[in-house]
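Residue-level listing of the chains:
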Amino acid sequence: MIILERQIKRALNPKWIKYVYPLREHPNRAPYFLGRSRTLKINAYIDGFNLYHSIDALKDNTLKWLNLRKLCELFLKEGDELNEVYYFSAPPTHLPTKMQRYEAYTKALQGAGVKAIFGSFKKKFAKCHVCGARYVTHEEKQTDINIAIKLLQDVFNDDFDKAFLVTADTDLVSTIKTIRQTYPHKSIILLTPPNRAKYSHELKQNATASLEIKAKHIRRALLPNEVNFNGEIVKIPAEYQRV
């Protein structure tokens, strides 16, 4: 009993702890105590094709073999702890050569601790504005919806304190607004892909903070040439190899 009393007195000493009130989304949660420095849990949500096309514009294929978990670690602050990293994309099944590289990359990412959530490509019939001819193209679907659903699901389940959102897609503005209004104690940190910050004004306005991913960050976060994925050795595609 004496030992318990000492522990309580020590817990109530402001030199040792700070008092934290229950979070809004869990009104029945009892108050709890944390040590002087609280670790903040970070989840990352990455718009795969949005990031890919910005890297493609850099004209350096070696940057495409990117370790997304390591990239996110470069933006952590003291006291941050990277939890889950989610990669949202769609397999280009209509492009066999690209599909091979895509499969290798997504396996390598999962081998590096990234969770992949897939959408799909849908056929789309388009018309040439010049000659009027009709042709078939493919359009990526579900990625922005999948990101929005996963963000909302995780914030509701109190799965993160801060979220890294890697995108320049303004379709996600409403999702950011909803989270910031409903859960104001949660932070949404926008990480804009290379050279896409100028297209992300509305996203930056609504995020808690924004930072830009630059080529120098990507060069520091490349995957090794071989990655183990569930016992399978995944090798870097020849197009991505560094000379």
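Above this text is the structure in question.
A few points on the structure. Just so it is clear, the model here is predicted, and its values are computed rather than measured.

## Side note on the overall build of the chain
- A tally of regular secondary structure across the chain gives eight helices and twelve strands.
- With 243 residues in all, the chain has 42% of them scored as buried.
- Considering only contacts in the chain between residues 6 or more positions apart, those separated by 24 or more positions represent 66%.
- Here the chain has roughly 14200 Å² of accessible surface; of this, 51% comes from carbon and sulfur atoms.

## What to know about the packing of aromatic side chains
- This structure, assessed with the given rule, holds nine aromatic pairs.
- Between Tyr45 and Tyr86, the aromatic rings sit 5.5 Å apart at their centres with planes inclined by 25 degrees, giving stacked as the arrangement. Taken as a pair, Tyr45 in strand 3 (residues 40-47) and Tyr86 in strand 4 (residues 80-89) lie far apart in primary sequence, 41 residues in all.
- On the basis of relative accessible area, Tyr45 is assigned to the buried category, the value being 0%.
- In this structure Tyr86 comes out as buried when scored by relative accessible area, which is 6%.
- Judged by centre distance (6.4 Å) and plane angle (55 degrees), the rings of Tyr102 and Phe118 are tilted. Here the residue Tyr102 occupies a position in helix 4 (residues 96-111), and Phe118 occupies one in strand 5 (residues 115-118), the gap between them amounting to 16 residues.
- Assessed through its relative accessible area of 39%, Phe118 is described here as partly exposed.

## Focus on the side chain of Asn43
- In this fold, Asn43 is placed in strand 3.
- A polar contact of 2.9 Å, which involves the side chain of Asn43, links it to the side chain of Asp159.
- Residue contacts for Asn43: discarding those within four places in its chain leaves Asn83, Glu84, Tyr86, Asp154, Asp159, Phe160, Lys162, Ala163 and Phe164.

## Side note on the side chain of Thr106
- Here Thr106 lies in helix 4.
- Engagement of the side chain of Thr106 in a polar contact is seen with the backbone oxygen of Glu103, the distance being 3.1 Å.
- With sequence-adjacent residues up to four places away left out, Thr106 is seen in contact with Tyr87 and Phe118.

## So, the packing of helix 5 (residues 143-156) against helix 6 (residues 173-182)
- Axis separation between helix 5 and helix 6 bottoms out at 10 Å; the angle between their running directions is 10 degrees. Judged by the angle between their axes, helix 5 and helix 6 are roughly parallel. Residues Ala148, Leu151, Leu152 and Val155 of helix 5 lie in contact with helix 6, whose contacting residues are Thr175, Thr178 and Ile179.

## Topic: unusual backbone geometry
- Even without being glycine, Lys59 reaches a positive phi, approximately 60 degrees.
- The backbone of Asp158 shows a phi angle near 55 degrees, a positive value even though the residue is not glycine.
- Inspection of the secondary structure puts Asp158 in the loop between helix 5 and strand 8 (162-166).
- Classification of Asp158 as buried rests on a relative accessible area of 15%.

## What to know about the pairing of strand 11 (residues 226-229)
- What you see with strand 11 is a clean split: Val227 and Phe229 sit on the buried side and Glu226 and Asn228 on the side with no burial.
- Note that strand 11 and strand 12 (residues 232-235) share four bridges and pair antiparallel. When the sheet's bridge partners are listed, Asn228 is paired in strand 12 with Ile233.

## As for the environment of Ala57
- Positionally, Ala57 belongs in the loop between helix 2 (48-56) and helix 3 (68-73).
- Sequence spacing of Ala57 and Asn195 is 138 residues, and the spatial spacing of their C-alpha atoms is 8.9 Å.

## Some details on a positive patch on the surface
- A cluster of basic residues, Lys70, Lys214, Lys216 and Arg220, forms a positive patch on the protein surface.
- When you line up the elements, Lys70 lands in helix 3.

## A short note on the sheet that holds strand 3
- As summarised here, the arrangement of the six strands in space is 5-4-3-8-9-10, forming an open sheet in which the pairing is parallel. Unpaired on one side and paired on the other, strand 5 and strand 10 (209-212) mark the two borders of the sheet. For this sheet the average axis-to-axis angle between neighbouring strands, irrespective of direction, equals 20 degrees.
- With four bridges joining them, strand 9 (residues 187-192) and strand 10 adopt parallel strand pairing. Following the sheet pairing, Ile189 is matched in strand 10 by Ala209.
- Contacting strand 3, strand 4 and strand 8, helix 2 crosses the sheet at an angle of about 70 degrees to strand 3.
- Relative to strand 4, helix 4 is tilted by about 160 degrees, and along the sheet it contacts strand 4 and strand 5.

Rules used throughout
- Residues numbered from 1 in each chain as written.
- Predicted model: local features only at pLDDT ≥ 70, side-chain atom pairs only at ≥ 80, totals over all residues.
- Heavy atoms only, no water.
- Helix = DSSP H or I, 4+ residues; strand = E, 2+ residues; numbered from the N terminus.
- Buried < 20%, exposed > 50% of the residue type's maximum accessible area, 1.4 Å probe, protein only.
- Contact = heavy atoms within 4.5 Å.
- Areas by Shrake-Rupley, 256 points an atom, 1.4 Å probe, with all protein chains shown as cover.
- Phe/Tyr/Trp six-rings, centres within 6.5 Å; stacked < 30°, edge-to-face > 60°.
- Polar contact = N/O pair within 3.5 Å; in protein donor to acceptor, adjacent residues only side chain to side chain.
- Axes fitted to C-alpha atoms, helices over the stretch in contact; angles between N-to-C directions.
- Parallel < 35°, antiparallel > 145°, perpendicular 65-115°, else oblique.
- Pairing = 2+ DSSP bridges.
- Patch = residues over 30% accessible without salt bridge, like charges linked within 9 Å, V, L, I, M, F, W, Y side chains within 5 Å.
- Salt bridge = Lys/Arg side-chain N within 4 Å of Asp/Glu carboxyl O.
- Lys, Arg positive; Asp, Glu negative; His and termini not counted.
- Charge placed at Lys NZ, Arg CZ, Asp CG, Glu CD.

The quantities given are spatial measurements derived from coordinates; they are silent on function.
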